[in-house]
Number of protein chains: 2
Amino acid sequence: MADVDRAHRVVVIGGGFGGLYAAKALSRADLRVTLVDRRNFHLFQPLLYQIATGGTSPGDICSPLRSVLGKNRNTRVWQAEVTGIDAGRREAVLADGRIAYDTLIVAAGSHHHYFGHDEWAPHAPGLKTVEDAIDIRRRIFTAFEKAERAASPEERRAWLTFAIVGGGPTGVELAGAIAELSRFTLARDFKEIDTRETRIVLIEAMDRILPPYPASLSRKAEASLARLGVAVATQTSVAAVDGEGVKTMSNGIEGRIDTRTVIWAAGVRASRLGRVLADAAGAELDRAGRVIVRGDLTIPSHPEIIVIGDLAHFRHGEGILPGTAPVAMQQGRYAARLVTDRIAGKTTPPFRYRNKGSLAVIGRNAAVADFGRVRLWGYPAWLAWVFVHIWYLIEFENKLIVMIQWAFDYLTRKRGARLITAEAPARTAADAVSPAGRVRS
Amino acid sequence: MADVDRAHRVVVIGGGFGGLYAAKALSRADLRVTLVDRRNFHLFQPLLYQIATGGTSPGDICSPLRSVLGKNRNTRVWQAEVTGIDAGRREAVLADGRIAYDTLIVAAGSHHHYFGHDEWAPHAPGLKTVEDAIDIRRRIFTAFEKAERAASPEERRAWLTFAIVGGGPTGVELAGAIAELSRFTLARDFKEIDTRETRIVLIEAMDRILPPYPASLSRKAEASLARLGVAVATQTSVAAVDGEGVKTMSNGIEGRIDTRTVIWAAGVRASRLGRVLADAAGAELDRAGRVIVRGDLTIPSHPEIIVIGDLAHFRHGEGILPGTAPVAMQQGRYAARLVTDRIAGKTTPPFRYRNKGSLAVIGRNAAVADFGRVRLWGYPAWLAWVFVHIWYLIEFENKLIVMIQWAFDYLTRKRGARLITAEAPARTAADAVSPAGRVRS
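In this convention, every chain numbers its residues from 1, walking through the sequence in written order. The order in which chains are written sets their letters, starting at A; the order in which ligands are written sets their numbers, starting at 1. This being a predicted model, a pLDDT of at least 70 is required before a residue's local features are given, and a value of 80 or more before pairs of side-chain atoms are given or counted; all residues contribute to the totals for chains, interfaces and linings.

This part takes up the overall build of chain A. Regarding its fold elements, chain A presents 13 helices and 27 strands. In chain A, which comprises 441 residues, the proportion classed as buried is 56%. Segments assigned H or I by DSSP are reported as helices when at least four residues long, segments assigned E as strands when at least two residues long, and all are numbered from the N terminus. The exposure scheme places C-beta atoms from the backbone and then counts, for each residue, the other C-beta atoms within 10 Å of its own, assigning buried at 20 or more, exposed at 12 or fewer, and partly exposed in between.

Now for the pairing of strand β21 (residues 302-307) of chain A. Note on strand geometry: in a regular strand, side chains alternate between the two faces of the sheet. All names here are of chain A. Of the pairings in the sheet, the one linking strand β9 (residues 103-106) to β21 comprises three bridges and is parallel in character. For Val106, the partnering residue across the bridge sits in β21 and is Val307. In textbook terms, the turn of a hairpin is the stretch between consecutive antiparallel strands, and for strand β20 (residues 298-299) and β21 this stretch comprises two residues. Strand pairing is assigned whenever DSSP detects at least two bridges linking the two strands.

All names here are of chain B. Structurally, the position occupied by Tyr49 is in helix α3 (residues 48-52). Expressed as a C-alpha distance, the spacing of Tyr49 and Val130, which sit 81 residues apart in the sequence, is 9.8 Å. The contact partners of Tyr49, leaving out residues within four places of it in the chain, are Leu127, Thr170, Glu173, Leu174 and Ala177. Think of it this way: build a C-beta for each residue from its backbone, and any pair within 7 Å is a contact.

Right, let's talk about the domain arrangement of chain A for a bit. Here chain A is described as being made up of domain 1 (2-38 + 80-109 + 271-343) and domain 2 (114-266). Where each domain begins and ends follows an automated or database-derived domain assignment. Computed from C-alpha atoms alone, the centre-to-centre distance between domain 1 of chain A and domain 2 of chain A is 36 Å.

Now for the packing of helix α2 (residues 17-25) of chain B against helix α11 (residues 325-343) of chain B. A pair of packed helices is characterised by two quantities: the angle between their axes and the separation of those axes. Residue and element names in this part refer to chain B. Interhelical geometry of α2 versus α11 gives an angle of 35° and a closest axis separation of 7 Å. Handedness of the crossing formed by α2 with α11: right-handed. Side by side, α2 and α11 meet where Phe17, Gly18, Gly19, Leu20, Tyr21, Ala22 and Ala25 of the first sit next to Ala325, Ala328, Met329, Gln331, Gly332, Arg333, Ala335 and Ala336 of the second. Classifying every residue of the contact of α2 with α11 by side-chain character gives 10 nonpolar, four polar and one charged. Whenever a helix is involved, its axis is fitted only over the stretch in contact; in every case the axis is a line through C-alpha atoms, and angles between N-to-C directions fall within 0 to 180 degrees. By definition, turning the near helix anticlockwise from the far helix through less than a right angle yields a left-handed crossing, and turning it clockwise yields a right-handed one. Under the scheme applied here, ten amino acids are nonpolar (Ala, Val, Leu, Ile, Met, Phe, Trp, Tyr, Cys and Pro), four are charged (Asp, Glu, Lys and Arg), and all others, including Gly, are polar.

On to the environment of A:Ala367. Residues and elements named next belong to chain A. Along the chain, Ala367 falls in strand β26 (residues 366-371). On the neighbour-count criterion, Ala367 (28 C-beta atoms within 10 Å) is buried. Spatially, the C-alpha atom of Ala367 lies 9.1 Å from that of Glu173, the residues being 194 residues apart in sequence. Those residues in contact with Ala367, other than ones at most four positions away along the chain, are Leu359, Ala360, Val361, Ile362, Ala381, Trp382 and Trp385.

Moving on to helix α6 (residues 130-148) of chain B. To estimate the expected span of a helix, subtract one from its residue number and multiply by 1.5 Å. Its 19 residues place the ends of α6(B) 27 Å apart at the C-alpha level, agreeing with the 27 Å of an ideal helix rising 1.5 Å per residue. Most of α6(B) is tucked away, with 14 of its 19 residues classed as buried.

Let us look at unusual backbone geometry. At B:Gln235, a residue that is not glycine, the phi angle is positive and equals roughly 50°. In this structure, B:Gln235 sits in the loop between β13 (230-233) and β14 (236-242).

This part covers the sheet that holds strand β13 (residues 230-233) of chain A. Residue and element names in this part refer to chain A. Within the open sheet, the four strands sit side by side as β13-β12-β11-β17. Their pairing is parallel. Sheet topology places β13 and β17 (261-264) at the edges, where each strand pairs with a single neighbour. Ignoring which end each strand starts from, the neighbouring axes of this sheet average 20° apart. As paired elements, strand β11 (residues 161-165) and β17 share four bridges and run parallel to each other. Bridging from a neighbouring strand, Ala163 pairs with Val262 of β17. Of the strands in this sheet, β11, β12 (199-203), β13 and β17 are in contact with helix α8 (residues 169-185), which crosses β12 at around 175°.

A few words now on the sheet that holds strand β16 (residues 253-258) of chain A. Backbone hydrogen bonds are what pair the strands of a sheet, in a parallel or an antiparallel way. All names here are of chain A. Read across the sheet, three strands follow the order β14-β15-β16 without closing on themselves; strand pairing throughout is antiparallel. Edge positions in the sheet fall to β14 (236-242) and β16, since each of these pairs with one other strand and no more. Direction aside, neighbouring strands of the sheet carry axes that sit 25° apart on average. As judged from the six bridges shared by strand β15 (residues 245-250) and β16, these two strands associate in the antiparallel manner. Bridging across to β16, Val246 finds its partner in Ile257.

The next point concerns helix α9 (residues 215-227) of chain B. Residue and element names in this part refer to chain B. Between its first and last C-alpha atoms α9 spans 19 Å; for 13 residues at 1.5 Å apiece the expected length is 18 Å, and the two agree. Buried within α9 are the following residues: Leu217, Ser218, Lys220, Ala221, Glu222, Ser224 and Leu225. Against α8 (169-185), β12 (199-203), β13, β25 (358-362), β26 (366-371) and β27 (374-377) lie the buried residues of α9. Looking one or two residues past α9, Gly229 carries a phi angle of roughly 95°, positive in sign.

Scored by pLDDT, chain A comes out at a mean of 88, with 88% of its residues at no less than 70. Here the complex is predicted with pTM 0.85, and the ipTM for its interfaces comes to 0.80. Along the chain, pLDDT gives the predictor's confidence residue by residue, from 0 to 100.

This brings us to the environment of B:Thr161. All names here are of chain B. If you trace the backbone, Thr161 turns up in strand β11 (residues 161-165). The exposure class of Thr161 is buried, given the 23 C-beta atoms found within 10 Å. Separated by 56 residues in sequence, Thr161 and Leu217 have C-alpha atoms that sit 27 Å apart. Beyond its immediate sequence surroundings of up to four residues, Thr161 is in contact with Arg199, Ile257, Asp258 and Thr259.

The structure is reproduced here in structure tokens:
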């Protein structure tokens, strides 16, 4: 233990893909790692839309960080909130203390963003955390309940209309899943409404959905969505959102969608820790608040501070690397290598991203996949999507259960997790009509 | 449809075991059923303690009411809150409307109760709803996180102490599950603490735990708990609960348990709808707020109002029927028969409870089972418990997944659902250290 106490201290902020892969890659190094996260679990974010649409439960796609890192003898996990960084003393400032580092790896991610219209937030929740997903799930399933008991056809129509803002992968996945839900899963469950009449509008400001994909795949995705009954409104931007619907603007023409359910899948902004790094360590930020890093992912003034994942602005060709899981994973592994190379006195070549492809899923049987020269769509792309996601899920824990559940849901089209749970836990003795009583068998 | 409109209208309040079994039993009758519940799902409450201790996810033990009743063509489901009953006009008053009935089946259940000490509620949450379970889960797993980073041995000890008030089945199950968790599941996960030193105290005012069971089984259960390291404090009552611990009273001696986590499994009180029935329909209540029903489960002044489940006070031998799932199920089926018999002009004999036995589980391999002449404990009782619960779970939906998950957890002792989620959903753009960023693969 004396050795460990004198060992190089690495502090990793954030237990997402970037931070977790950095910590995992350091598991056998002769140093001391502390992973700090506000949450006690890693969230497999590519499947978050499945929680939001009742297809899976949080427990199935979240892994306790302590389980994932439990075997790493050089690693401890702290559940704590990082409030600042003291770059001079090399300490991360926590809400309840401080922690010293020799190397700091910042992987604090990003959150959704309303482009200066925070007043839209209550009406158009974004999908970033488990709580966001449960909130959206509550809204979606409540909308069908309200439609069933609506007083007028107009009200019914508004409850049966869903607007999704942003035609990136998250927006496409949500639109596809809600369409599946309304066309198949719920089709028999209601008596007063025909859920198959549900109107789903996907709003995208650019001239096509999935802008980072090749144009041919965007068209395939639009066709798949159209088959599911999703109306795709491209070249359409959002002018306002309120409790009654969305005001749109398309080629100078004002439009309006009367809807009670709007989901925000449009903007993303880097974590507040970007600002902290700018103030405390002279880091330079881009317009989205990301930290502009050097070729080795460090910041110029402080080579002992490494920034990875969504929080990092890394030049790649003409643009910058996107905020995706594969980028974060590769940067996490690179950060680990940089630390061990430095201790060993070796030089590390600059980070290079290896693009293994992009995938977006549309409902039950369709997806689009861009593997560079190979492009897939429809059923083959969907199979590729399932394979890749299961592959990464099992890497964390034996999440075999998710696979079985998917197989089962696929055969039955059921969505067992479509629960409307309360906004806040009922802490006091709950009253009135609750599921009947104290049960015991 | 004209026939249906003139059909006898049955309104069922509550989608727990009582209400759901009543609705299911009426599925083929020539009448019109409306099931009203605040929630859109049925909760399999005997496994709620599994959510609270991270063993399973809400989606695995909750079934959407619309799925369960979807095939019943004469039944509709309303998600609504019942605020009153207009017995004269035969209408249930909802928060957002009214609904007329010819027969009303009230199965509104019960909630936990602090015997006039509502100020204890924030410090000692009870376990009745999914939100309660998630709140308790958050507290349990946060306690270990806080212990890991405690500033003093005293603070550490307080975080590693759990007090459970009430030695009924819920208290016993919670104590057993927390003991398993600390002794096995988490044993390797923390670096600063040894979770096996966790102190678990089960407090019971009577002279033995599981008072409704035969004394021999209570002793077996105490021995099983002791083997897991649970301290059982019988003949001990709670004098006060605050943020620092529990003040106890045992044979006139004042005691104190320093703990940051207290769980309330002691008192139960009938739903507020009991009071509503007393005011609106002259129903007589007992001290716990239950409605005293006649032999056919109706109330004297209004034979068209049937009360079942935890809300009903039904004489049975020298006592009254307990608030358990089997009682509620049997009363639900009886209520359905009473309605159809009446329409057919037949007389129905009074309700008679068939005791099929009681089961309580203690950790992973032990339980106690009282089947009247046959009494089981230890492993055989545990197998009986597993069998019975799976049997009832699959009756609702194909909850095969739960069975597979149990088998899996049993082999690995993992608890994948041990998430600490926030008290309220983060509705605005979440900030600071979140699981890293926008991910996409």
